[in-house]
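Analysis of the macromolecular model
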Amino acid sequence: MGDLAKCVTRSLSEVVGLSLRRVVIRALDGEVVDRTEFADPRLYIGGEVHLDFGGESGESVFLSWAENAGWPDHFSIGASSKSWFSPGALRDWDVSDLDPWSACTGKLLSGVRV
């Protein structure tokens, strides 16, 4: 398994067995002006996606752009239990009730495979 797969698998394995409580897209200020923009699957953000599993310890996974060893491109996906950004750097947009996230909200994460 490559470094990228290990990074994603390691972060998501910490929340296996928990239900996804909500999904928050955290965008840079000005990247998104209106919530309806999230309906466009081509929307690109420079921030991160916060998967809130809300367990006893407030378990979360943050997905963003990162540099991963062994990945041929400069940036690829990164996964972490903590935000990649400084507090106040991003604007939160709760998209839990929008497609495709609404189909996942409330569902149990039963496993991880990359």
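Because the structure is a prediction, the values reported are computed rather than measured.

Let's talk about the environment of Asp97
With respect to the helices, strands and loops of the structure, Asp97 is situated in the segment after β5 (90–94). Owing to a relative accessible area of 52%, Asp97 belongs among the exposed residues under this scheme. Sequence spacing of Asp97 and Val23 is 74 residues, and the spatial spacing of their C-alpha atoms is 8.6 Å. Setting aside residues no more than four positions away along its own chain, Asp97 makes contact with Arg35 and Ser102. Engagement of the side chain of Asp97 in a polar contact is seen with the side chain of Arg35, the distance being 2.2 Å.

Considerations on the pattern of salt bridges
A full pass over the atoms with the stated rule returns 7 salt bridges. Put simply, Asp52 and Arg21 hold a salt bridge, and the shortest N to O gap is 2.8 Å. Highlighted residues: Asp52 in strand β2 (residues 48–52) and Arg21 in the loop between α1 (3–13) and β1 (22–28), separated in sequence by 31 residues. Where Arg26 meets Asp92, a salt bridge forms, and the shortest distance between an N and an O atom there is 2.8 Å. Taken together, the residues span a long stretch of sequence, with Arg26 in strand β1 and Asp92 in strand β5 at a distance of 66 residues.

Concerning the nonpolar core
In terms of nonpolar packing, the biggest core is built from 19 residues, with Leu51 and Val61 touching the most fellow members. Where this core is concerned, the elements lending two or more residues are α1, β1, β2 and β3 (60–66). Sequence-distant contacts of Val61, defined by excluding residues within four places in its chain, comprise Ser11, Leu12, Val15, Val49, His50, Leu51, Phe53, Ala79 and Ser80.

A closer look at unusual backbone geometry
Cis geometry is adopted by the peptide bond preceding Pro100, which originates at Asp99 and carries an omega value of 0°. Tracing the backbone shows Pro100 in the segment after β5.

Structural notes on the pairing of β1
The buried fraction of β1 amounts to 5 of the 7 residues, a majority that puts the element mostly inside the structure. Judged from the 5 bridges that link them, β1 and β2 form a sheet pairing that is antiparallel. In the sheet register, Val24 faces β2, and the bridge partner there is His50. Sheet topology places β1 next to β5; 5 bridges connect them, and they run antiparallel. Looking at the pairing, Val24 lines up with Asp94 of β5.

Criteria and cut-off values
- Residues numbered from 1 in each chain as written.
- Predicted model: local features only at pLDDT ≥ 70, side-chain atom pairs only at ≥ 80, totals over all residues.
- Heavy atoms only, no water.
- Helix = DSSP H or I, 4+ residues; strand = E, 2+ residues; numbered from the N terminus.
- Buried < 20%, exposed > 50% of the residue type's maximum accessible area, 1.4 Å probe, protein only.
- Contact = heavy atoms within 4.5 Å.
- Polar contact = N/O pair within 3.5 Å; in protein donor to acceptor, adjacent residues only side chain to side chain.
- Salt bridge = Lys/Arg side-chain N within 4 Å of Asp/Glu carboxyl O.
- Core = buried A, V, L, I, M, F, W, Y, C linked by side-chain atoms within 4.5 Å.
- Pairing = 2+ DSSP bridges.

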